[in-house]
Amino acid sequence: MERLVLHHQAEIARLLWRFARNHADLEDLVQETFLRVVRSIGSWRADRPFAHWLRRIAANTGRDYCRRQAVRRRWAVEPVPNADGECPPVEAVDPAADPAARAAHRELKQLLARLPPDDCALLTLHHLEGWELADIGRQFGWTAAATKIRAWRARGRLRSLYENRLSP
Amino acid sequence: MKPSPEESARALSALVQRARGDTPAPIDTAALLRVVRQAPAVEAGWWSDFAASFDTRAVFTTCSAGAGASLAVAGWLAWDAWQNVLPWAQLLSDPTLFS
């Protein structure tokens, strides 16, 4: 099991980074994913690729995270301004190899976080991870038509949020 | 001034492309291995085997909810029928009825 964890942890961390708000949340999500793997290893069928099964568990963990974040946002209080009148940053600043990519990623995640959780998970997997809509539909138990319609609507909502951010 | 839909769509695509280039810092593998080592063993049993026979958790949850709802309706019907039968049963069990 440990060999499997070491072999797949980087790929799973890269996938879950698309969902996580900060590095601490990422560590938690990776741990949660591998704990789910340990608990449900009996349901893995040997005729299916392990990496594919693992990615499916990670994607479900990411979607559950989106749902938890949506609930938290609903009940969260407004950030308290400090002495300078500025609100403290919501997420910790993690070291990035490419600061421009990190800034873009953070901005996109903030926009995605304002969508319904399932839309957030769908667009995250489709746009950032390059998953096919059919695969996402199978993953979350949606029909192909329902997935396409949901993706179209979610993209519209995301574009609208982005336009609002662009306009002063 | 609000940008045109084409402009914002292009800008959003560019943002997505830039965001794809972001990679996370390495995670703490020592802590991850510790957690995995301490994880409880797989609980074998008929319930876990039964749950694992479903493709997704959503299917399992839906089937469980359906079974629960059917059970509730059946229970209510049985209780209702018993309430109708009870007075007759009490009447017929009265020893003075046919004396």
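To be clear, the structure that these remarks concern was listed above.
Residues numbered from 1 in each chain as written. Chains lettered and ligands numbered in written order. Predicted model: local features only at pLDDT ≥ 70, side-chain atom pairs only at ≥ 80, totals over all residues. Heavy atoms only, no water.

In this structure, Glu-27 of chain A sits in helix α2 (residues 23-39). We note that Glu-27 of chain A is buried and unpaired, the nearest opposite charge coming from Arg-34 of chain B at a distance of 8.7 Å. Setting aside its immediate chain neighbours within four residues, Glu-27 of chain A contacts Ile-27 and Asp-28 of chain B. (Helix = DSSP H or I, 4+ residues; strand = E, 2+ residues; numbered from the N terminus. Buried < 20%, exposed > 50% of the residue type's maximum accessible area, 1.4 Å probe, protein only. Lys, Arg positive; Asp, Glu negative; His and termini not counted. Salt bridge = Lys/Arg side-chain N within 4 Å of Asp/Glu carboxyl O. Contact = heavy atoms within 4.5 Å.)

Counting residues at the interface gives 35 residues for chain B, matched by 44 residues for chain A. Both sides together, the interface formed by chain B and chain A hides about 3,500 Å², and carbon and sulfur atoms give 67% of it. Considering only the surface of chain B that becomes buried against chain A, Leu-15, Asp-22 and Ile-27 of chain B emerge as the three largest contributors, covering 17% of it. On inspection of chain B and its partner chain A, the count reaches one salt bridge. Remark: the boundary between chain B and chain A carries ten residue pairs in polar contact (both at pLDDT 80 or more). If one sorts the elements of the side of chain B that touches chain A by residue count, helix α1 (residues 5-20) of chain B sits on top with ten residues. A per-class count over the side of chain B that touches chain A returns 22 nonpolar, five polar and eight charged. (Buried area = accessible area lost by both parts, 1.4 Å probe. Polar contact = N/O pair within 3.5 Å; in protein donor to acceptor, adjacent residues only side chain to side chain. Nonpolar A, V, L, I, M, F, W, Y, C, P; charged D, E, K, R; others polar.)

Residue and element names in this part refer to chain A. Direction vectors running N to C along helix α4 (residues 99-112) and helix α5 (residues 117-128) enclose 150 degrees, while the axes themselves pass 10 Å from each other. Comparing the axis directions of α4 and α5 gives the class roughly antiparallel. Note on element contacts: α5 touches α4 through Cys-120, Leu-123, Thr-124 and Leu-128, opposite His-105, Leu-108 and Leu-112. When the residues that make up the contact of α4 with α5 are grouped by side-chain class, the tally is five nonpolar, two polar and no charged. (Axes fitted to C-alpha atoms, helices over the stretch in contact; angles between N-to-C directions. Parallel < 35°, antiparallel > 145°, perpendicular 65-115°, else oblique.)

With that settled, consider empty space enclosed by the protein. For the structure shown, the criterion picks out two cavities of 30 Å³ or more. Taken as a whole, the second largest cavity encloses approximately 30 Å³ of empty space. The wall of the second largest cavity is formed by Leu-108, Leu-112, Leu-123, Thr-124, His-127, Leu-128 and Leu-158 of chain A together with Val-16 of chain B. Among the elements of the structure, α4 and α5 of chain A are those that each provide at least two residues to the lining of the second largest cavity. (1 Å grid on protein atoms, 1.4 Å probe; cavity = no way out; pocket = protein on both sides within 12 Å on 5 of 7 lines; lining within 4 Å. Points joined across faces, edges and corners; volume = space filled by probe spheres on them.)

Residues and elements named next belong to chain A. Relative to the helices and strands, Asp-119 resides in helix α5. Residue Asp-119 is classed as buried on the basis of its relative accessible area of 3%. Non-local contacts of Asp-119, meaning those with residues more than four positions away in its chain, are made with Arg-150, Ala-154 and Arg-157.

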